[in-house]
Amino acid sequence: MNWREAWERKYRERHGKPEPEDWGTVAEDYSQWNKSIDYEYGKRAVEALQEVIKPDFEGLDIGAGPGTITIPLAKRMRMVTAIEPTQEMVWHLMRNVVGEGIGNIEVTNKSWQEVDDASIRKRFDIVACSHLLWQFEDIDTQLKRMESTARRYCCVVHPAGGRGMIIRSLWSEIMGKEYRGEIDPDLDDIVFAILRERGILVNVRVINYTDRRSVEQEERHIASLLGRWTEITPALGKTIREAVLKESRDGMYEGKSHAVVMWWKTPNMVPLL
Ligand SMILES: C[S@@+](CC[C@H](N)C(=O)[O-])C[C@H]1O[C@@H](n2cnc3c(N)ncnc32)[C@H](O)[C@@H]1O
């Protein structure tokens, strides 16, 4: 099995459709989601890393968004650098950092590909990214670039275990076939296999977190995902609304979701004293 080709095929399947989100337009909802669950996703991810993280660590979070894992990481270590290309995300990140009363986060407003990795070689004790890798077609190159900037550990957090039931059943209804992860394939399995092929021993933990959004936010979220496959007509908009309302209480939708946290020692890891 050629895992790199498998990744590239999945990448092309996903990116052959209109872009899922313009990150700027979803920044506010993304930030709100984090706050409404009190950074539960990021906190659980950081808890899964507790055996490796040390208070004097310096970390790098690539594709930080509004601070989903950046903020929980910064609460557990000396310093975190966040790389985030979308201006609106950076704005929310800075606002959330102030809201959380922390001052140990530095932000670089660039894409990961624009970062000169040679200038930050082996600078960070841990280099992490969450819900990001599917932005990269050349997965192997980007994982190796991550590793080159890490002194000790690399970490990938990725949603896994499938989308919520509303999206799955609406997608099946629209497409007339069983849903098999087409909207947002898990992909953690391929990352695992690519790393294992290089002889890297990958630690994996499953985390559970709550998905909580207002009914309107959940409707927008579902419409933005299904909109890649079909036009969101007024009739479909109404169907989405009814499905969300059925699963909501007091104007809020709540569901359970899962993610995997993978971490590994970087090749030539600097030993801890
Ligand atoms: C799905 S969001 C994930 C945000 C956050 N890490 C989380 O787990 O919630 C993807 C983020 O990656 C950023 N992004 C997209 N392409 C990127 C790239 N080439 N380099 C770095 N970040 C990127 C987007 O702006 C967005 O904030």
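Look up a bit, the structure's there.
Note that the structure is predicted; figures quoted are calculated from it, not measured. (Residues numbered from 1 in each chain as written. Predicted model: local features only at pLDDT ≥ 70, side-chain atom pairs only at ≥ 80, totals over all residues. Heavy atoms only, no water.)

*Asks:* Would you explain empty space enclosed by the protein in this entry?
*Replies:* Regions of empty space are outlined by a rolling probe, equal in size to a water molecule, passed over the atoms. All chains considered together, the criterion is met by one cavity of 30 Å³ or more. Counted as a void, the largest cavity has a volume near 30 Å³. What lines the largest cavity is simply Ala45, Val46, Leu49, Ile69, Leu73, Ala128, Cys155 and Val157. Mapped by element, the contributors of at least two residues to the lining of the largest cavity are helix H3 (40-48) and strand E5 (150-160). Of the residues belonging to the lining of the largest cavity, the class tally is eight nonpolar, no polar and no charged. (1 Å grid on protein atoms, 1.4 Å probe; cavity = no way out; pocket = protein on both sides within 12 Å on 5 of 7 lines; lining within 4 Å. Points joined across faces, edges and corners; volume = space filled by probe spheres on them. Helix = DSSP H or I, 4+ residues; strand = E, 2+ residues; numbered from the N terminus. Nonpolar A, V, L, I, M, F, W, Y, C, P; charged D, E, K, R; others polar.)

*Asks:* Please explain the pattern of salt bridges as it appears in this structure.
*Replies:* Charged atoms that come close allow side chains of opposite charge to pair. Overall, the coordinates contain 21 salt bridges when judged by the stated rule. Glutamate 58 is paired through a salt bridge with arginine 123; the nearest N and O atoms lie 3.0 Å apart. One end of the pair, glutamate 58, is in strand E1 (residues 58-62); the other, arginine 123, is in the loop between strand E3 (105-108) and strand E4 (124-130), with 65 residues separating them in the sequence. Of the residues examined, glutamate 58 reaches a relative accessible area of 12% and is grouped as buried. With a relative accessible area of 35%, arginine 123 lands in the partly exposed category. Taken together, the shared-partner salt bridges connect Arg4, Asp140, Lys144 and Glu197 into one network. (Salt bridge = Lys/Arg side-chain N within 4 Å of Asp/Glu carboxyl O. Buried < 20%, exposed > 50% of the residue type's maximum accessible area, 1.4 Å probe, protein only.)

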